[in-house]
Amino acid sequence: MSPDERERLHAVWADRPGLLGFLGTVDHKRIAARYIVTVVGLLFLSGMLAIDMRLQLSQPDMRRMGPQQYNEAFALHGSTMLFLISVPVMEAMALWLVPLMLGARNMAFPRLAAFSYWLYLGGVLMLWLPHALGITPDLGWFEYPPLSGPAYSPGHRADIWAQMITFTEVAALAASVNVVATILKMRPPGMTLARMPFFLWAMLVASLMTIFALPAIMLATSMLIADRLVSTQFFAPAAGGDVLLFQHMFWFFGHPEVYIIFVPAVGFVSSIVETFSRRTLFGHVPMVLSILAIGVLAFGLWVHHMFAVGLPRLGNDFYTAASMAIALPAGLQMFCWIATMWSGRPRFATPLLWVIGFIATFVIGGLSGVMTASAPLDLQLTDTYFVVAHLHYVLIGGALFPLFGAFCYWYPKATGRMMSERWGVVAFILIVGGFNLGFFPMHVLGLEGMPRRIYTYGPDMGWGTLNLVATIGSAIAMLGGIVLTGNALISLWRGKPAGADPWGAPTLEWAARSPPPQHNFEEVPVVTSIAPLWRHGDLPVMTGLATDRREVLVTSVIDAVPQYRHHSVGPSLWPFVAALATSGMFVASIFTPWAVVWGAIPIGVALVLWFWPRRPRSATGPLARR
Amino acid sequence: MNGERALRRVGDLAGLPTSAQGPRNLVWWGNISFMAIEGTGFALAIGACLYLLGQSPHWPPPGDSLPGLGWSGAFTLALVLSELPNLWLIRQVRAKSIARVRLGMLVMTLIGIALIGLRWFELQHLNVGWDHDAYGSTVWMLMVLHTSHVVTELVETAVLTVWLYTHEVGDDQLGDVEDDADYWTFVILAWVPIYLLVYWVPRWL
């Protein structure tokens, strides 16, 4: 590429400076970075809520919180962690990494990515702005009717929660469609499905699961809002409705959701294990098959969240068996990772430490999962602290530890700087140690019968000591989180320059500069193996993608044969405006049903202007310019 | 340079076309994905209806009247028949016949307007309020869900028609028309199970 062409390419892909450039950008890296920064802020807020609750429970008969405040704290904590942090951060990692790992210049639908973030931000504000004004949902993260119905929850707390779901789920669906289309149609020449890195398989499966799981929760919460706003009777038993319908629909989404969070984490772990063991993943094909199996099985387990509601015995037996079956592919992955490390030459840098912390912690969570999968045992353990311990081992150990590892692993690519290894190890020890100290005792508390969602307990129960230990552990983990964030912030200025490929990694993103320019790659890489950067010292490329307009290469789904050069749309304010209009409609619709009708008009106008193709006026036909 | 590695040129893409039709086109996959999302939504709404129906000893409950078959029959017939001009339109897209594509889109817009009219009268003859009981709520949910798709598709078709008549049409816009027509087929297919569930299942039970 000549210097002239290079300059043109930069100019074509550059964002405008100033506010308009900020609001209009369609650079997948900027959008994903916004997602991640928002998530870090929310992790802090949500962590503070957790500390608040732990302080309240650290001793019997504490009076610093009343029952209402406690209900609000755990409802806000759970909803934020599940809907505003766990799923969005995985989408964000996909938005950031997928084009880079494909050697592509942007996502398939750049403006949809921007729309996704703005709508997600709307969901964040939907939950947290009312909280700042003193109106907080107080029914936990799954707001079952009839408690959340019009009879028992007057006011708008439940509506705020239900509509926050709509925001975040539309955002996640938009991101997932983007990821699926990008992975299927924008792989570089030579990257057949058989040569696709495992991480991309994980993101593809997670995105497909999102597409088929999230409509369930949107429908359930829309029915709940309709019951509350226009007096439909879906969940009103007196008029033929059924409250368990809500639970079925919620968990038809809710159980796959756990895997929508976990499957990308499997992708992070596999990338890290591969790079730091300096060999390709042991059992790549069984790993891919296992993740596909998880993707399917996850949709057949939801009733194990409902063992205690009194369903037919045969149903319980089936879901017990299905829940235990999913441990098989998950276990297979564990053995593949261990075999990769065992047979490789592992280098124990911080990302790999996080993987080891993940394996140890997640195995404990998996085993307590197999325990609670058994319907008779679950009847004893449900709604106790055993479940609180289990879900945190699975979600923190299974998703956040790999995420922290991924953060440390790709940080040099994103910023061009290395994070401090020493402080990385300190954060790792504080978080993993503090977490296990904080949450392991909860298993015992649960077995001793301590129910979840209680704001205090009497001294005669004998739960004080273990609760104090749990509080101390949580505080240590929180401190570790602050060290991790501080390390990331300080390394932005003080970190050593990273270079393009500091870890000697095999996948294409490490062939781009650190941080990557807005167009990521100047030429299209060509792939000849599953670990392309380990195959050749140089980088085989194809030239010919335009430098005078935004262009991406579209290839065939199975064999990644080049098909055509697709015009990739540029920056636009309309995704932001469309998200504003959609937000306005969502917010107004908790007050009046007419908002859905009148609110659709500005959304329609924004979408039309967003998609309006700019081409010359017609010279033919009845309406031609004459 | 891509990063710090030396580049080795193994081919050139400059000779590739700059557009493609059907499943080769990137946007086609976005369209299919949204159909998957909304199809899942329809399937779940139908599932919710079947669940409530299964929990209830009578469907509709005693005292509720059955929905009328007149306007709904007219709507269904018109909707199913509209697939014929829709298929013709797709053929014109493949043949890149701009004048006929414009005409086809105009026809589809008019058909859409007529269908909304029929739907309006159909909704007057459901014979149950959404707030009456869970049966009424479910019927209205299915109808609102489908009607919102008819309206969205009509607006999209109408806007695209105006654009097509006033601008020079390129290959990408032909792709847009094809996606729009595919989506219309989806709206028709989605109606079939809903029609049976709302109008005939209560009569057969």
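Source: prediction; values computed, not measured.

## What about the overall build of chain A?
Then step 1. When helices and strands are counted, chain A shows 19 helices and four strands.
Then step 2. Taken over C-alpha atoms, the radius of gyration comes to 25 Å for chain A, in line with the 25 Å a tight globule of 626 residues would show.
Then step 3. In terms of overall dimensions, chain A has C-alpha extents of about 80 × 70 × 50 Å along its principal axes.
Then step 4. Of all 626 residues assigned to chain A, the portion counted as buried reaches 57%.

## As for the overall build of chain B
Then step 1. Tallying secondary structure elements over chain B gives six helices and one strand in all.
Then step 2. For chain B, the sequential pattern of α-helices and β-strands runs β-α-α-α-α-α-α.
Then step 3. Its C-alpha atoms give chain B principal-axis dimensions of roughly 75 × 45 × 25 Å.
Then step 4. Counting only residues that meet the buried cut, chain B has 37% of its 205 residues in that class.
Then step 5. Put simply, 80% of the contacts in chain B that link residues at least 6 apart link residues at least 24 apart.

## Describing the sheet that holds strand S2 (residues 539-543) of chain A
Each strand in a sheet pairs with its neighbour through backbone hydrogen bonds, running either in the same direction (parallel) or in the opposite one (antiparallel).
Then step 1. Pairing within the open sheet is mixed, and its three strands lie in the order S1(A)-S2(A)-S1(B). Taken across any chain shown, the strands that pair with only one partner, and hence form the sheet edges, are strand S1 (524-525) of chain A together with strand S1 (7-12) of chain B.
Then step 2. Taken together, the five bridges between S2 of chain A and S1 of chain B define a ladder with parallel strand orientation. For valine 541 of chain A, the partnering residue across the bridge sits in S1 of chain B and is arginine 9 of chain B.

## Brief notes about the environment of proline 88 of chain A
All names here are of chain A.
Then step 1. With respect to the helices and strands, the residue proline 88 is situated in helix H4 (residues 67-101).
Then step 2. For proline 88, a count of 26 C-beta atoms within 10 Å translates into the label buried.
Then step 3. Along the sequence, proline 88 and leucine 173 sit 85 residues apart, while their C-alpha atoms lie 10 Å from each other.
Then step 4. Excluding anything up to four places from it in sequence, proline 88 contacts Tyr35, Val39, Tyr120, Thr168 and Ala172.

## Digging into the confidence of the model for chain B
Then step 1. Of all residues in chain B, 99% attain a pLDDT of 70 or more, and the chain-wide mean is 96.
Then step 2. Across the assembled chains, the prediction reports ipTM 0.95 with pTM 0.96.

## What to know about the nonpolar core
Then step 1. Formed by 249 residues in total, the largest nonpolar core has its most connected members in Leu95, Met249 and Val263 of chain A.
Then step 2. Once residues lying within four places of it in the same chain are set aside, the contact partners of methionine 249 of chain A are Ala216, Leu219 and Ala220 of chain A together with Leu44 and Ala48 of chain B.

## Points about the confidence of the model for chain A
Then step 1. Across chain A, the average pLDDT comes to 95, with 100% of residues at or above 70.
Then step 2. When pLDDT is averaged over each helix and strand of chain A, the minimum, 87, is found for helix H10 (residues 313-325) of chain A and the maximum, 98, for helix H15 (residues 421-447) of chain A.

## Focus on the packing of helix H12 (residues 350-373) of chain A against helix H14 (residues 385-415) of chain A
Residues and elements named next belong to chain A.
Then step 1. Orientation of H12 relative to H14, taken along the N-to-C sense of each, is 160 degrees, at an axis distance of 8 Å. Classified by the interaxial angle, the pair formed by H12 and H14 is roughly antiparallel. For the element pair H12 and H14, the recorded crossing hand is left-handed.

## Digging into the interface of chain A and chain B
Then step 1. Listed as interface residues are 63 residues of chain A and, on the opposing side, 55 residues of chain B.
Then step 2. Residue assignment for the side of chain A that touches chain B shows that the elements contributing at least two residues are helix H6 (157-185), helix H7 (198-229), helix H8 (243-277), S2, strand S3 (551-555), strand S4 (562-567) and helix H19 (594-611) of chain A.
Then step 3. For the side of chain A that touches chain B, a count of residues per class yields 38 nonpolar, 15 polar and 10 charged.

## Some details on the packing of H14 of chain A against H15 of chain A
Residues and elements named next belong to chain A.
Then step 1. Put simply, H14 and H15 touch, their axes get as near as 8 Å, and they point 165 degrees apart. Relative to H15, the element H14 is oriented roughly antiparallel. Where H14 crosses over H15, the handedness of that crossing is left-handed. Listed contacts from H15 to Tyr385, Phe386, Val387, Val388, Ala389, His392, Tyr393, Ile396 and Cys408 of H14 are Gly424, Phe435, Phe439, Met442, His443, Leu445, Gly446 and Leu447.
Then step 2. In terms of residue class, the contact of H14 with H15 is made up of 13 nonpolar, four polar and no charged.

## What about the environment of arginine 452 of chain A?
Then step 1. Assignment of secondary structure puts arginine 452 of chain A in the loop between H15 and helix H16 (464-494).
Then step 2. C-alpha of arginine 452 of chain A to C-alpha of threonine 384 of chain A: the two residues are 68 residues apart in sequence and 4.9 Å apart in space.

## So, unusual backbone geometry
Then step 1. In the segment running from serine 514 of chain A into proline 515 of chain A, the intervening peptide bond is cis, with an omega of -15 degrees.
Then step 2. As for its position among the elements, proline 515 of chain A is in the loop between H16 and S1.
Then step 3. That bond from tryptophan 59 of chain B to proline 60 of chain B is cis: its omega, 0 degrees, falls within 30 degrees of zero.
Then step 4. Its place among the elements puts proline 60 of chain B in the loop between helix H1 (26-55) and helix H2 (70-81).
Then step 5. Unlike most non-glycine residues, aspartate 61 of chain A shows phi in positive territory, near 55 degrees.
Then step 6. Examined against the element boundaries, aspartate 61 of chain A turns out to sit in the loop between helix H3 (28-57) and H4.
Then step 7. Classification of aspartate 61 of chain A as exposed rests on a count of 9 C-beta atoms within 10 Å.
Then step 8. With phi around 55 degrees, alanine 560 of chain A is a residue other than glycine that occupies positive phi space.
Then step 9. Positionally, alanine 560 of chain A belongs in the loop between S3 and S4.
Then step 10. Judged by local crowding, alanine 560 of chain A falls into the buried class, with 24 C-beta atoms found within 10 Å.

## Section: the pairing of S3 of chain A
All names here are of chain A.
Then step 1. In terms of residue burial, S3 counts as a mostly covered element, since five of its five residues are buried.
Then step 2. Taking every second residue as pointing to the same face, both faces of S3 are buried, with Glu551, Leu553 and Thr555 on one and Val552 and Val554 on the other.
Then step 3. Counted along the chain from S3 to the antiparallel partner S4, the turn is six residues long, and its residue alanine 560 has a positive phi close to 55 degrees.

## As for H16 of chain A
Then step 1. The end-to-end C-alpha distance of H16 of chain A, which contains 31 residues, comes to 44 Å, matching closely the 45 Å that a straight helix rising 1.5 Å per residue would cover.
Then step 2. Elements that come into contact with the buried residues of H16 of chain A comprise H3, H14 and H15 of chain A.

What counts, and where the lines are drawn
Residues numbered from 1 in each chain as written. Chains lettered and ligands numbered in written order. Predicted model: local features only at pLDDT ≥ 70, side-chain atom pairs only at ≥ 80, totals over all residues. Helix = DSSP H or I, 4+ residues; strand = E, 2+ residues; numbered from the N terminus. Rg over C-alpha atoms; globule rule 2.2 N^0.38 Å. Buried ≥ 20, exposed ≤ 12 C-beta atoms within 10 Å, placed from the backbone. Contact = placed C-beta atoms within 7 Å. Pairing = 2+ DSSP bridges. pLDDT = per-residue confidence, 0-100. Core = buried A, V, L, I, M, F, W, Y, C linked by C-beta atoms within 7 Å. Axes fitted to C-alpha atoms, helices over the stretch in contact; angles between N-to-C directions. Parallel < 35°, antiparallel > 145°, perpendicular 65-115°, else oblique. Left-handed = near helix turned anticlockwise from the far one by under 90°. Nonpolar A, V, L, I, M, F, W, Y, C, P; charged D, E, K, R; others polar. Expected span 1.5 Å × (residues − 1).

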